[in-house]
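# Close look at the chain arrangement
Residue strings, one per chain:
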Amino acid sequence: MITANVFDIKRFSINDGDGIRTTIFLKGCPLACKWCQNPEGLIPEIRLWYARNICVSCKSCIVACEENALRWDDRGVAIDHASCTRCSECVVACPTGAIRFDAREMSVAEALEEIKKDRPFYGTDGGVTLSGGECMVSPAFSLGVLRGCRECGINAQIETSLYARPEIVDAFAETTDKIIADIKLIDPARHYLATGVDNALILSNIRRLAQQDTNLLIRVPLIPGFTDDEENMRGIAKFVSSLGRDIPVELLNFNPMCREKYESLRKTYQFDPDEREIPQQRVDALKQILTDCGLVAI
Ligand code: SF4
Ligand code: SF4
């Protein structure tokens, strides 16, 4: 049975493609962006997750664990993932749900069942979007879901880094109604520093998809201090203009809501706690760079 680890299903989403959508978030990503909004989606495996904000400090989970994988410190429950056998004893013992697994393994059939539940809300434009993490990390599952959607007439789109082998990207292009592809940084060295990978593969995949007439939307996440400078936007505008087709570019503003996730994972959050969305005036100025190059900026 083909399965993947799904860490979230967002219903009634209006920011993950056209219309009203059900977005399925898959674990596993080949990039490690310093600003990742879904850091729980980076590793492909299911892991234990701790939410301190709903923990009542009863320590029942620590008592329940026979592997000594849990201990208490000044930040609440600390998890030793290497010792955890995923037996679920702590999850069962927790009275508030503060300790739980961060994803569940789903089959293609189970995912399609979830998608079909929301069908009355999709209307003419909406449908399902596969996101992540990176849906191309689980190609058999993702392509199975996309084909299942196509068979029953549900619009299916993907959000992707396009950091994948060309043959995998092409298989997705054949099976998907729209590809929403990120360009985070145009300069290879800056891209490597911020994401952990070079952007040559991503840009060559975009070039090839542009030649294949794939329904493509380029999305640029606006991240303070990382991607929101004029030099980066000018470089992206130049690249998209060179593709020889009208491909719209969407600017996606920074979302400061993920700080708690970093606390749960005990990872360093790269931003000041008071960092907020980029002001609309600044976003408009960056959009102007795109429109000055003849592009459609969203
Ligand atoms: S899932 Fe089992 S092994 Fe892992 S921390 Fe909980 S009780 Fe311990
Ligand atoms: S059992 Fe739940 S509420 Fe109690 S300490 Fe553990 S995580 Fe917190």
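What follows covers the layout of surface pockets. Of the pockets and cavities examined, the largest pocket occupies roughly 1,200 Å³. Lining the largest pocket are 45 residues, with F25, Q37, N38, R219 and L252 positioned closest to its centre. When contributions to the lining of the largest pocket are tallied by element, the ones reaching two or more residues are strand 1 (3-13), strand 8 (127-132), strand 9 (155-160), strand 10 (178-182), strand 11 (216-222) and strand 12 (249-253). Looking at which element gives the most residues to the lining of the largest pocket, the answer is strand 11, with four residues. The volume enclosed by the second largest pocket comes to roughly 400 Å³. Secondary-structure elements contributing two or more residues to the lining of the second largest pocket are strand 3 (48-50) and helix 10 (259-265).

This part covers the side chain of R219. Residue placement: R219 occurs in strand 11. Among the polar contacts made by the side chain of R219, one reaches the side chain of E159 at a distance of 3.1 Å. Once you skip the residues sitting within four places of it in the chain, R219 turns out to touch N15, E159, I180, A181, D182, I183, E250 and L252.

Okay, the sheet that holds strand 12 next. With respect to topology, eight strands assemble into an open sheet ordered 7-1-2-8-9-10-11-12, the strand pairing being mixed. Both outer strands of the open sheet, strand 7 (104-107) and strand 12, are each paired with one neighbouring strand and no more. Adjacent strand axes in the sheet meet at a mean angle of 35 degrees when their direction is disregarded. As paired elements, strand 2 (residues 21-26) and strand 8 share six bridges and run parallel to each other. Each residue of the ladder has a partner; that of F25, found in strand 8, is S131. Across the sheet, helix 3 (residues 108-117) is in contact with strand 1, strand 2, strand 7 and strand 8; its angle to strand 7 comes to roughly 90 degrees. Its contacts with the sheet place helix 9 (residues 230-241) against strand 11 and strand 12, and it is angled at close to 175 degrees to strand 11.

Let's shift gears to the site of ligand 1. Within the structure, ligand 1 sits among L48, C65, E67, A69, L70, C84, T85, R86, C87, S88, E89 and C90. With respect to the pocket detection grid, ligand 1 is positioned in the largest cavity. Looking at side-chain class alone, the shell around ligand 1 contains seven nonpolar, two polar and three charged residues.

This next bit is on a nonpolar patch on the surface. Taken together, the side chains of F12, I14, I20 and F121 present a nonpolar region at the surface, about 400 Å² in accessible area. The exposure class of F12 is partly exposed, given its relative accessible area of 47%.

What counts as what
Residues numbered from 1 in each chain as written. Chains lettered and ligands numbered in written order. Predicted model: local features only at pLDDT ≥ 70, side-chain atom pairs only at ≥ 80, totals over all residues. Heavy atoms only, no water. 1 Å grid on protein atoms, 1.4 Å probe; cavity = no way out; pocket = protein on both sides within 12 Å on 5 of 7 lines; lining within 4 Å. Points joined across faces, edges and corners; volume = space filled by probe spheres on them. Helix = DSSP H or I, 4+ residues; strand = E, 2+ residues; numbered from the N terminus. Polar contact = N/O pair within 3.5 Å; in protein donor to acceptor, adjacent residues only side chain to side chain. Contact = heavy atoms within 4.5 Å. Pairing = 2+ DSSP bridges. Axes fitted to C-alpha atoms, helices over the stretch in contact; angles between N-to-C directions. Near = heavy atom within 4 Å. Sits in = over half its atoms within 2 Å of the grid points. Nonpolar A, V, L, I, M, F, W, Y, C, P; charged D, E, K, R; others polar. Patch = residues over 30% accessible without salt bridge, like charges linked within 9 Å, V, L, I, M, F, W, Y side chains within 5 Å. Areas by Shrake-Rupley, 256 points an atom, 1.4 Å probe, with all protein chains shown as cover. Salt bridge = Lys/Arg side-chain N within 4 Å of Asp/Glu carboxyl O. Buried < 20%, exposed > 50% of the residue type's maximum accessible area, 1.4 Å probe, protein only.

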